Amino acid sequence: MAPKTKRVIPGTTLFDGDMARKGYALNKMCFSFNSEENRQEFLKDPGAYCDKFGLNEQQKKAVISLQVLDMLAAGGNAYFIAKLGGIYKLDMQDVGAQQTGVTKEEFQAKLVAAGRE
Amino acid sequence: MAKIVGGINVTHVPYIGRAIAGNLQQDAYWKPFFDGFPPVHAWLDKVKPDVAVVVYNDHGLNFFLDKMPTFSIGAAAEYSNADEGWGIPTVAPFKGDQDLSWHLIDSLIEAEFDLTTCQEMLVDHAFTLPLELLWPTRNAALRTVPICQNTVQFPLPSAKRCLAFGRAINKAIESWDSDARVVVLGTGGLSHQLEGTRAGFINKKFDLEFMDKLVSDPDWVTQYSNEDLVELTGTQGIELLNWLTCRGALGGKVKAVHTNYHIPISNTAAGLLAMETV
């Protein structure tokens, strides 16, 4: 069978079957953060909590270092990663700024500018 | 038979929950968004719906990736909200309408839309916030039916499929033996992208054209594949599929009652489009 050809959209990865397979453990851990009890357990020992959900080294490293692009590369889904961000009180502008390598103020200014176009 | 009075498409950014809880509607940041709603409240007061059918997408509250139905529908007496993990206040449960749920299930499966039926269903911000925005003082008599579409894990249903699904919902509601007045909501969008190095992407030109075409020629959207729509509107902009299903559920002709469009709310272009059936 010929390899699947995927549509290339710059700066964007579609969360498809390949990503869903790759990121399952990471996303499952993040799904558990719907519970306050689990969020507290994670905060006590993030590494141990990652192990409990069977994250691989790449996923664990991305979670501990809170690097969103690395979490995405490891199969993380944006909505589930956002639940992890919530534990650290990161909002979507914090997350957007980190991923695009700008300050939060610069990221917000870019959004406002999009409204003036 | 039941009557479809119209439909309302509205954005569902979680951040709005904090603004409502904190009474920030008239703050400079929020005012251009919340000021879009009073004309729609006035229209709702006029058309007096008894039931709201809400087309939305779940973000990991009711459905995890272990089971991801393309189309699902609630068939419960009541729908509860719960902790979503990102710090927005949980709101009181909403009343269901099991008669309409089962009529929809029977009709839609007969029409070959093979839905997942849910006799228990948690509803997330994408369901609750639009209802809070449209009925700021809770209308306790309002009954609801949640219809959830997968816009999270590709492959997603196509624009063509969603429009056809909406049109099947239209036929189903119109054949419901009830004197109820029904409003259909579609929630999410418009253009936004949360993840990747393109995070913060917004496409005002496309959004405005989309809102316009949704009223006059919804089939226009079906020229685009979902990959096209992601490229044009962002990975989460694809939630416009919920708007399209809602539009399909309104049948042939509609007129716009009120529109509002404001950038940004959080990372999102916030749209509001109320339509009346004609």
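Residues numbered from 1 in each chain as written. Chains lettered and ligands numbered in written order. Predicted model: local features only at pLDDT ≥ 70, side-chain atom pairs only at ≥ 80, totals over all residues. Heavy atoms only, no water.

Going by the annotation in an unreviewed UniProt entry, the name recorded for chain B is Protocatechuate 4,5-dioxygenase beta chain, with Paramagnetospirillum magneticum given as the source organism.

Looking at an unreviewed UniProt entry, one finds chain A named Protocatechuate 4,5-dioxygenase alpha chain and attributed to Paramagnetospirillum magneticum.

J.: Explain the interface of chain B and chain A to me, using residue names and the numbers behind them.
T.: Contact residues are listed per partner, giving 37 residues for chain B and 41 residues for chain A. Here chain B packs against chain A, burying approximately 3500 Å² in sum over the two surfaces, 61% of which is carbon and sulfur. Here chain B is connected to chain A by 3 salt bridges. Note that R7 of chain A and D228 of chain B form a salt bridge whose closest N and O atoms lie 2.8 Å from each other. Between chain B and chain A we count 20 residue pairs in polar contact (both at pLDDT 80 or more) in total. Secondary structure elements with two or more residues in the side of chain B that touches chain A: α8 (226-233) and β9 (254-265) of chain B. With 4 residues, α8 of chain B is the largest single contributor of residues to the side of chain B that touches chain A. Partitioning the side of chain B that touches chain A into residue classes produces 13 nonpolar, 14 polar and 10 charged. (Contact = heavy atoms within 4.5 Å. Buried area = accessible area lost by both parts, 1.4 Å probe. Salt bridge = Lys/Arg side-chain N within 4 Å of Asp/Glu carboxyl O. Polar contact = N/O pair within 3.5 Å; in protein donor to acceptor, adjacent residues only side chain to side chain. Helix = DSSP H or I, 4+ residues; strand = E, 2+ residues; numbered from the N terminus. Nonpolar A, V, L, I, M, F, W, Y, C, P; charged D, E, K, R; others polar.)

J.: Account for the packing of aromatic side chains, with residues named and values stated.
T.: Residue and element names in this part refer to chain B. Within this structure, the stated rule accounts for 27 aromatic pairs over all chains. Seen from their ring centres, F113 and F165 are 5.3 Å apart, and the 45° between their planes marks the pair as tilted. On the criterion of sequence distance, the pair formed by F113 in the loop between α4 (98-110) and β6 (116-118) and F165 in helix α6 (residues 159-174) is long-range, its members being 52 residues apart. A relative accessible area of 6% means that F113 is categorised as buried. When its relative accessible area of 0% is taken as the criterion, F165 is described as buried. A ring pair is formed by F206 and F210, whose centres lie 6.3 Å apart and whose planes are at 15°; its orientation type is stacked. In this pair, F206 and F210 are both assigned in helix α7 (residues 204-216), 4 residues apart and thus about one turn of the helix distant. (Phe/Tyr/Trp six-rings, centres within 6.5 Å; stacked < 30°, edge-to-face > 60°. Buried < 20%, exposed > 50% of the residue type's maximum accessible area, 1.4 Å probe, protein only.)

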